[in-house]
Amino acid sequence: CQDLVPCGKDKYISKNELLLHLKTYNIYYEGQNLQLRHREEEGELIVEGLLNISWGLRRPIRLQMQDDNQRIRPPPSSSSWHSGCNLGAHGSVLKPSTLPDIQVTEAEATPSAEAPGSSSGPRAQAEEQPQLLRTRSDVGVRRRGSTRTPSEQRRLRRHRFSINGHFYNHKTSVFTPAYGSITNVRINSTMTTPQVLKLLLNKFKIENSAEEFALYIVHTSGEKQKLRGSDYPLIARILQGPCEQVSKVFLMEKDQVEEVTYDVAQYIKFEMPVLRSFIQKLEEEEDREVKKLMRKYSILRLMIEQRLEEISEGPTAM
């Protein structure tokens, strides 16, 4: 039992086989932050790292209006909201900068047009040269103003992550993430599907319940496999292989998606004439099987009727 790793309800995989899959996984993501680490605790193999999850929602989600301290967060102004525009580090809103006032004197007249009797000393030449007043750069102001008070630092730490640039806003607190856009969450191989869902929703401060959603492994062939509550998404990702061009983990609504088996998925991408020909052949095969069964049971019926007649005629003959 110590050499087996659970990957679902009544499903196990050997530790050596899982390590081989993990080695292939890390070679594929060599030099990237998607590589996974593993360790053993009390004889149990634990894998941890980032798991990519694609948004596949069809209905809008709701972002929480309150932060961790249950204080209502004032929504930013609408002028500073458009796909993350004017958002600084950690989601702080930057005020639009104004151009500094630069005063420029008129250019010095040409020597030919110089008025007679004008002084040509060094002081006069200096006064006649165009002057630019020295101003403070906005960049320098922002750099010197980067030191924040402890209360501002706590507020920035409490700030939620953004979903494709979306933070809480009174106009966009209810929205649908772009289909197929990818996020990630740090998990380990001992976390089940409901735990991963709750962790993902808490990361983005999503108000919806985790019971509304499910994780699916979607293949390019059209196959859709729902991860059960007892499954371990990170192990399922490792066993599926690292290439996301073959399969991806999607977050979807439970009542909006149906599972598609491999046998059905292989027919999805066929053209309609080909599918009709398949249906016609299946109908012909079905008719042949029906006729075969009808002949078989009609013969059995005749045999039973003959036997019944023989039984009924026997006592009368005696």
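What counts and what doesn't
Per chain, residues are indexed from 1 in the order of the written sequence. Only residues with pLDDT of at least 70 get local features here, since the model is predicted, and only at 80 or more are side-chain atom pairs given and counted; chain-wide, interface and lining totals rely on the full set of residues. With hydrogens and water set aside, each side-chain value is computed from the structure's full complement of heavy atoms. Summary of the burial criterion: residues with accessible area below 20% of their type's maximum are buried, those above 50% are exposed, and those between are partly exposed, where the area comes from a 1.4 Å probe applied to protein chains only. Where helices and strands are cited, they refer to DSSP runs of H or I of at least four residues and of E of at least two residues respectively, numbered from the N terminus. Two strands qualify as a pair provided DSSP detects at least 2 bridges between them. Centres within 6.5 Å make a pair out of two Phe, Tyr or Trp rings, where for Trp the six-membered ring is used; the pair is then stacked when the planes are under 30 degrees apart, edge-to-face when over 60, and tilted otherwise. Whether a charge sits over a ring comes down to the Lys NZ or Arg CZ being within 6 Å of the ring centre and within 35 degrees of the ring normal. By convention in these notes, a salt bridge is any Lys or Arg side-chain nitrogen within 4 Å of a carboxyl oxygen on Asp or Glu. For a helix, the expected span equals 1.5 Å multiplied by the residue count minus one. Note that the arc is computed from the directions linking the helix axis to the C-beta atoms. Note on contacts: a residue pair is in contact if any heavy atoms of the two residues lie within 4.5 Å.

As recorded in an unreviewed UniProt entry, the protein goes by RASF2 protein and comes from Bucco capensis.

Engineer: Please provide a residue-by-residue account of the pairing of strand S10 (residues 247-253), values included.
Structural biologist: Summarising burial for S10: six of the seven residues are buried, a large majority. Summarising the sheet, strand S4 (residues 44-55) and S10 pair through two bridges and their orientation is parallel. Residue pairing in the sheet places Trp55 in a bridge with Leu251 of S10. For strand S8 (residues 213-219) and S10, the ladder comprises seven bridges, and the chain directions are antiparallel.

Engineer: For the packing of aromatic side chains, give the residues involved together with the corresponding values.
Structural biologist: The full count for this structure, using the stated rule, is four aromatic pairs. Note on Tyr25 and Tyr29: the rings are 5.2 Å apart at their centroids and 55° apart in plane angle, and the pair reads as tilted. Owing to a relative accessible area of 3%, Tyr25 belongs among the buried residues under this scheme. Taking the centre distance of 5.0 Å and the plane angle of 85° together, the rings of Tyr28 and Tyr29 count as edge-to-face. The exposure class of Tyr28 is partly exposed, given its relative accessible area of 43%. One residue, Arg58, lies across the ring of Tyr179, its end atom 4.4 Å from the ring centre.

Engineer: Give a description of the pattern of salt bridges that names residues and reports values.
Structural biologist: One pass over the structure, following the stated rule, counts 10 salt bridges. Taking the shortest distance from any N to any O, the salt bridge between Asp231 and Lys11 comes out at 3.6 Å. Within this pair, whereas Asp231 is found in the loop between strand S9 (224-226) and helix H6 (233-240), its partner Lys11 is found in strand S2 (residues 11-14), the two being separated by 220 residues in sequence. Judged by its relative accessible area of 6%, Asp231 falls in the buried class. Here Lys15 makes a salt bridge to Glu40, at a shortest N to O gap of 3.7 Å. Residue Lys15 is located in helix H1 (residues 15-28), and its partner Glu40 is located in strand S3 (residues 37-41); the two are separated by 25 residues in the primary sequence. We classify Lys15 as buried; its relative accessible area is 12%. In the salt-bridge network here, residues are joined through shared partners; they are Arg37, Arg39, Glu41 and Glu48.

Engineer: So what about H6? Which residues, and what values?
Structural biologist: The buried count for H6 comes to six of eight residues, which makes it a mostly enclosed element. For H6, the full list of buried residues reads Pro233, Leu234, Ile235, Ala236, Arg237 and Ile238. Looking at the residues trailing H6, positive phi occurs at Gly241, about 100°.

Engineer: Please set out H1 residue by residue, giving values where relevant.
Structural biologist: For H1, built from 14 residues, the straight-helix expectation of 20 Å at 1.5 Å per residue is met to within 8% by its first-to-last C-alpha distance of 20 Å. Residues Lys15, Leu18, Leu22, Tyr25 and Asn26 constitute the buried set of H1. End-on view of H1: buried residues confined to an arc of 90°, all on one side of the axis. Counted as exposed and oriented over 90 degrees from the buried face of H1: Asn16, Leu20, Lys23 and Ile27. Buried residues along H1 sit in contact with strand S1 (4-8), S2, S3, S4 and H6.

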